[in-house]
Amino acid sequence: MFVVMRAEASEAEVNGVKGLILAEGLTPFENAGAARTVIAVVGEIGRRREPLRSRLEAMAGVAAVTAISKPYKLVSREFHQDNTVIRILDTVIGDGSLTVMAGPCSVESRDQLLETVDFVVAHGANVIRGGAFKPRTSPYSFQGLGVEGLRYLAEARERTGIPVITEVMEPSQVDIVAEYADILQIGTRNMQNFSLLLACGRAGRPVMLKRGFGATIEEWLMAAEYVASAGNGQIILCERGIRTFETSTRNTLDLTAVPLLHHLTHLPVVVDPSHATGKRWLVKPLAIGAVAVGADGIMVEVHPRPEEALSDGEQSLTFELFEQMMHAITGVHAHVRDLHGDLVPTDDAAGNGRA
Ligand code: PEP
Ligand code: MN
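Residues numbered from 1 in each chain as written. Chains lettered and ligands numbered in written order. Predicted model: local features only at pLDDT ≥ 70, side-chain atom pairs only at ≥ 80, totals over all residues. Heavy atoms only, no water.

K.L.:
Would you explain the site of ligand 1 in this entry?
P.N.:
Taken together, R129, K134, E167, Q185, G187, T188, R189, K210, R240, H275 and E301 make up the full set of residues near ligand 1. In the model, an oxygen atom of ligand 1 is placed 3.0 Å from a nitrogen or oxygen of the K134 side chain. Within the side chain of K210, an N or O atom sits 2.8 Å from an oxygen atom of ligand 1. In isolation ligand 1 offers 300 Å² of accessible surface; the protein chains occlude 97% of this area. Across the shell around ligand 1, the residue classes tally to no nonpolar, four polar and seven charged. (Near = heavy atom within 4 Å. Polar contact = N/O pair within 3.5 Å; in protein donor to acceptor, adjacent residues only side chain to side chain. Areas by Shrake-Rupley, 256 points an atom, 1.4 Å probe, with all protein chains shown as cover. Nonpolar A, V, L, I, M, F, W, Y, C, P; charged D, E, K, R; others polar.)

Listed below in structure tokens is the structure:
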């Protein structure tokens, strides 16, 4: 449940509510909105629900106590109506602008990374991607350059002023990745690695959580809730395709997820058409589709010579294709951005469960 404070509630009254929640062994999460403060009560409330609700309702400064109908709380739109906006250096994600995350699948060498970065940044990318620790299906495939790759990514950021995102595969890597990168990426294979989610939640950097290839939207949001419950609300969701009966593409891109997530959560949503399709010629049409349905950004793989790539060459865009895609999605974004105005839930906000 969450406690809505009166617009004129004092700091002492807000602290009084938080104190009572803490005294019950529960955790208060404060969302200081422009109009009023809302405090989520998170934890195993059980049979204390009704007595606790009555006590909170009677406290000074409290306007209402309301149930959150979804199993995820902090990431739900019910708790937090305004969109979460993430700012890193000069890049803003989730404010209605279009974020383009681009770079190679893997950092293969300093030259390969910087050549790619110079091109994509000159053509409008505002986040640099590149894997240093690579989750590969085969143990015999290229596993990434590790810390050496992180150093090249940090150099790319110094050179361009553009923030860097890279994948972290296990809790023991979180500190070193957070030292070099601006955004921590949790990959599809790790979406339900709960110790990794919590470690990333504590790392003090924005996190991009890719959808598990077999995960429902609710499981995905529960995974995001783990990150938020560890104190980090700076979360980006990335739809990257799910596994279905279809084998003609690497995965099946679920574009429905984009408006659905905007309805259910305040977190920004990015689409990765590279891993979704596995084929470079399908990346542009699906990037266009993602922007048309209201994605806050896209993530794509780009390589100077995809035929030489050490990973995911078939889905990596050439420089020429990246430029063509940028031209297309920039035009689409200019047309659609005003069409996606009202994302706040209306029809099922009352829900049927209880927080
Ligand atoms: C990636 O973005 O490099 C990656 C491995 O993606 P995913 O986890 O979606 O497969
Ligand atoms: Mn890849």
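What follows picks up the thread again.
K.L.:
Just checking my understanding: could you explain the packing of helix 1 (residues 11-23) against helix 2 (residues 49-57) for this structure?
P.N.:
Each packed pair of helices is defined by two parameters, the angle between the axes and the distance between the axes. Relative orientation of the contacting elements helix 1 and helix 2 amounts to 160°, with a least axis distance of 11 Å. Regarding the angle of helix 1 to helix 2, the classification is roughly antiparallel. Judged by the twist between their axes, the crossing of helix 1 over helix 2 is right-handed. Residues V17, L20 and I21 of helix 1 touch helix 2, and the partners they reach there are L52, R55 and L56. Of the residues that constitute the contact of helix 1 with helix 2, the class distribution is five nonpolar, no polar and one charged. (Axes fitted to C-alpha atoms, helices over the stretch in contact; angles between N-to-C directions. Helix = DSSP H or I, 4+ residues; strand = E, 2+ residues; numbered from the N terminus. Parallel < 35°, antiparallel > 145°, perpendicular 65-115°, else oblique. Left-handed = near helix turned anticlockwise from the far one by under 90°. Contact = heavy atoms within 4.5 Å.)

K.L.:
I would appreciate a short explanation of the coordination of the manganese ion (ligand 2) in the present structure.
P.N.:
Ideal donor angles around a metal are set by the shape: a four-donor tetrahedron calls for 109.5 degrees, a six-donor octahedron for 90 or 180 degrees. Distances from the manganese ion (ligand 2) to its protein donors, namely C105 (SG), H275 (NE2), E301 (OE) and D312 (OD), fall within the range 2.0 to 2.4 Å. Donor residues for the manganese ion (ligand 2), ordered by position in the chain, follow C-x169-H-x25-E-x10-D. On the criterion of sequence distance, the pair formed by C105 in the loop between strand 7 (99-103) and helix 3 (110-122) and H275 in helix 9 (residues 273-277) is long-range, its members being 170 residues apart. Residue C105 is classed as buried on the basis of its relative accessible area, which comes to 4%. (Donors = N, O, S within 2.8 Å, 3.2 Å for Na, K, Ca; no water. Buried < 20%, exposed > 50% of the residue type's maximum accessible area, 1.4 Å probe, protein only.)

K.L.:
Help me out: how do you make sense of the pattern of salt bridges in this one?
P.N.:
Pairing is possible between side chains of opposite charge, provided their charged atoms come close. Within this structure, the stated rule accounts for 16 salt bridges. R305 is the partner of E115 in a salt bridge, and the nearest nitrogen-oxygen pair spans 3.3 Å. Of this pair, E115 sits in helix 3 while R305 sits in the loop between strand 14 (297-301) and helix 11 (319-336), and the two are 190 residues apart along the sequence. Taking the relative accessible area as the measure of exposure, E115 reaches 33% and is therefore partly exposed. Connected through shared salt-bridge partners, E24, R48 and R55 make up one network. (Salt bridge = Lys/Arg side-chain N within 4 Å of Asp/Glu carboxyl O.)

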